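# Fold and geometry: a report
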Amino acid sequence: MRRTGRAARSNGPGPGADRVPANVRWTASDGAVRTGTARVAAGTAAGATVEVWTDVRDRLVPEPVTPSEATQQVALAGAFVAAGVGGVVIVSGRVARGQLERRYAERWGEEWERIGPQWRRTTG
């Protein structure tokens, strides 16, 4: 839920920060005054009205992501999933190939034991 609150005190900006943590006070849905720490625009004056987000229990929560941020997160997650699936396919293929080559080498060895002695015979 979007609510308005008042910034009590900003903890100061970090390097390159556009939003900083600040102590805020807001009125909950039951009329009780609550306090907490929320991220506000850097340079927000104490006592200024700011927008804060709360959950159904009137606890502060981060601002929801924008549609473009959600799209970026989904695209990134999709790329990681695709890479993971690709990795599983490649590893599975290599494991299967290794087993087939081992089986082929065993059969070749068995065949050589059977045929090899015939090649050692000499005429004469």
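It should be noted that the structure appears before, not after, this text.
These notes cover the structure that comes with them. (Residues numbered from 1 in each chain as written. Predicted model: local features only at pLDDT ≥ 70, side-chain atom pairs only at ≥ 80, totals over all residues. Heavy atoms only, no water.)

Check the secondary structure of the protein chain and you find one helix and five strands. The secondary structure elements of the protein chain, listed N-terminal to C-terminal, are β-β-β-β-β-α. For the protein chain, with 124 residues in total, the buried portion stands at 15%. In the protein chain, the share of contacts with a sequence separation of at least 24, taken over all contacts with a separation of at least 6, comes to 40%. Accessible area of the protein chain: about 9,800 Å², with a carbon and sulfur share of 57%. (Helix = DSSP H or I, 4+ residues; strand = E, 2+ residues; numbered from the N terminus. Buried < 20%, exposed > 50% of the residue type's maximum accessible area, 1.4 Å probe, protein only. Contact = heavy atoms within 4.5 Å. Areas by Shrake-Rupley, 256 points an atom, 1.4 Å probe, with all protein chains shown as cover.)

It is worth spelling out the pairing of strand E2 (residues 19–27) at this point. Taking every second residue as pointing to the same face, the buried face of E2 carries Val-20, Ala-22, Val-24 and Trp-26, while none of Arg-19, Pro-21, Asn-23, Arg-25 and Thr-27 on the other face is buried. Pairing between E2 and strand E3 (residues 33–41): nine bridges, direction antiparallel. Its bridge partner being in E3, Val-24 is matched across the sheet by Gly-36. (Pairing = 2+ DSSP bridges.)

All told, the structure shown has five salt bridges when counted by the stated rule. Its salt-bridge partner being Arg-102, residue Glu-106 comes within 3.6 Å of it at the nearest N-O pair. Within this pair, Glu-106 and its partner Arg-102 are both found in helix H1 (residues 67–119), separated by four residues, close to a single helical turn. Look at Glu-106 and you get partly exposed, because its relative accessible area is 42%. Its relative accessible area of 48% is what places Arg-102 among the partly exposed residues. Between Arg-114 and Glu-111 there is a salt bridge whose closest N-O contact spans 2.7 Å. A residue pair is termed a helical-turn pair when its members lie 3 or 4 positions apart in one helix, as Arg-114 and Glu-111 do in helix H1 at three residues. (Salt bridge = Lys/Arg side-chain N within 4 Å of Asp/Glu carboxyl O.)

Turning our eyes to something else, we now look at unusual backbone geometry. With glycine set apart, most residues show a phi of negative sign, and most peptide bonds adopt trans. Even without glycine at this site, Asp-58 takes up a positive phi of about 65°. As for its position among the elements, Asp-58 is in the loop between strand E4 (49–54) and strand E5 (60–61). By relative accessible area, Asp-58 is classed as buried at 5%.

Any link to function would need more than the numbers given here.
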